[in-house]
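# Observations on the model geometry
Next come the chains, spelled out residue by residue.
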Amino acid sequence: MQDWEREALDAIKKAQDLEALRALKARYLGKKGLLTQEMKALAALPLEERRQRGQQLNALKEALEGALEAREKELEAEALRKALESERQDVSLPGVRLFAGGLHPITLMERELVEIFRALGYQAVEGPELESEFFNFDALNIPEHHPARDMWDTFWLEGAFRLQGPVGEEVEGKLLLRTHTSPMQIRYMVAHTPPFRIVVPGRVFRFEQTDATHEAVFHQLEGLVVGEGITMAHLKGAIYELAQALYGPESRVRFQPVYFPFVEPGAQFAIWWPEGRKWLELGGAGMVHPKVFQAVDAYRKALGLPPAYEGVTGFAFGFGVERLAMLRYGIPDIRYFFSGRLKFLEQFRGVL
Ligand code: YSA
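Residues numbered from 1 in each chain as written. Predicted model: local features only at pLDDT ≥ 70, side-chain atom pairs only at ≥ 80, totals over all residues. Heavy atoms only, no water.

For the rest of this paragraph, the subject is the overall build of the chain. Looking only at helices and strands, the chain features eleven helices and twelve strands. With respect to the three principal axes, the spread of C-alpha positions in the chain is 125 × 50 × 35 Å. Within the span of the chain, comprising 352 residues, buried residues form 43% of the whole. Across the chain, the fraction of contacts at a sequence separation of at least 24, relative to all contacts at a separation of at least 6, is 67%. When the accessible surface of the chain is summed, it comes to about 20,400 Å², and 53% of that surface belongs to carbon and sulfur atoms. (Helix = DSSP H or I, 4+ residues; strand = E, 2+ residues; numbered from the N terminus. Buried < 20%, exposed > 50% of the residue type's maximum accessible area, 1.4 Å probe, protein only. Contact = heavy atoms within 4.5 Å. Areas by Shrake-Rupley, 256 points an atom, 1.4 Å probe, with all protein chains shown as cover.)

Printed below as a string of structure tokens:
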């Protein structure tokens, strides 16, 4: 055995890692490796010597390959042991807290309000945010050029959109982003027959300047009750129950006459907030205007449905959700709600 041969076996046994081992393999067994060169040199030897040396070299090749393989296995086992050691999980460590999302404060307020009315026998329904001029205005007794339209600065839509009507029919005419939840009164009445009690939570849009108490996108809760013998007293009772549920037995309600084209008489209402010792102007209400019932029955007729609103009366109300949420959660500026600031939203984590 030549010196390099002994050295080779020794170096392989001592190789520290797989990379060093690969280098050794190339050094001895590679295309230009020492053993390969010796093999090539065989051809120049006399026959007998060639045979002997050939046998030696083959034995050496086997020895080197065996040593390489054995060392490779050792090194791999070692690497695995180290990896297991360093990656071992300490199951006794405290767990990492996962960021749990929370419901948006407006969702929380909306759910609280819907629950209050559900307990009074109301059903909650929702309507589209993209609405037609007919449901948002005309059917609510607010025809084109009526000055009352100025109460609702409107985002109009250009272009062609398909909009479904109350019973799935296609709606024609100008489209807009609904300025209030009241169009759902019409949609619901067209598709249903009285008696019923509904509330409609939803997002509405107004093309107006924003400030601490006004947003261009905000939420309303609409209520509609229709049946035989429904009176203003029922309306007052409903708002009274709302006040009691929100602010307890010390709360009171106040109604003042006001004009809305779709109610007669119309009122604005406020509820007494005992904790803050002040009246909160919440929204509008009134007895459903006969012209609204007539518009609904006319629409039903066009669809081939029988009239359903002769001889019934109803009341309706609608109010803003943000203002109540601002009080409930102590939020000074309405614009915080949809500012997208995580710092603000994170305060509602876990308030489920
Ligand atoms: C009236 C009579 C009914 O029989 C039924 C519904 C109504 C309400 C009517 N549809 C309406 O939208 N009236 S309103 O324009 O006075 O808005 C109602 C409430 O929405 C307001 O009292 C206020 O609380 C809230 N609101 C209005 N503009 C807002 C707003 N909240 C935040 N930002 C705005 N820009």
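Turning to the site of the ligand, a few remarks are in order. The immediate surroundings of the ligand are formed by 24 residues, with His 180, Ser 182, Arg 206, Glu 208 and Glu 215 found nearest. Between the ligand and the protein, one listed contact pairs an oxygen atom with a side-chain N or O atom of Trp 152 at 3.3 Å. Taking Gly 320, its main chain carries an N or O atom lying 3.5 Å from an oxygen atom of the ligand. Its free accessible area being 700 Å², the ligand has 91% of it covered by the protein chains. Listed by contribution, the elements that provide at least two residues to the shell around the ligand are strand E8 (217-227), strand E11 (278-288) and strand E12 (313-320). (Near = heavy atom within 4 Å. Polar contact = N/O pair within 3.5 Å; in protein donor to acceptor, adjacent residues only side chain to side chain.)

Once that is clear, we can look at unusual backbone geometry. Peptide bonds are mostly trans, and most non-glycine residues show a negative phi. Residue Pro 195 follows Pro 194 across a cis peptide bond; omega there is 10°. Its place among the elements puts Pro 195 in the loop between helix H7 (183-191) and strand E7 (196-205). Look at the link from Glu 264 to Pro 265: it is a cis peptide, with omega at 0°. Within the fold, Pro 265 resides in strand E10 (residues 263-273). Not every positive phi belongs to a glycine, and His 145 is a case in point at roughly 70°. Within the secondary structure, His 145 sits in the loop between helix H6 (133-136) and strand E3 (156-157).

Functional significance is not addressed by these values, which are geometric in nature.
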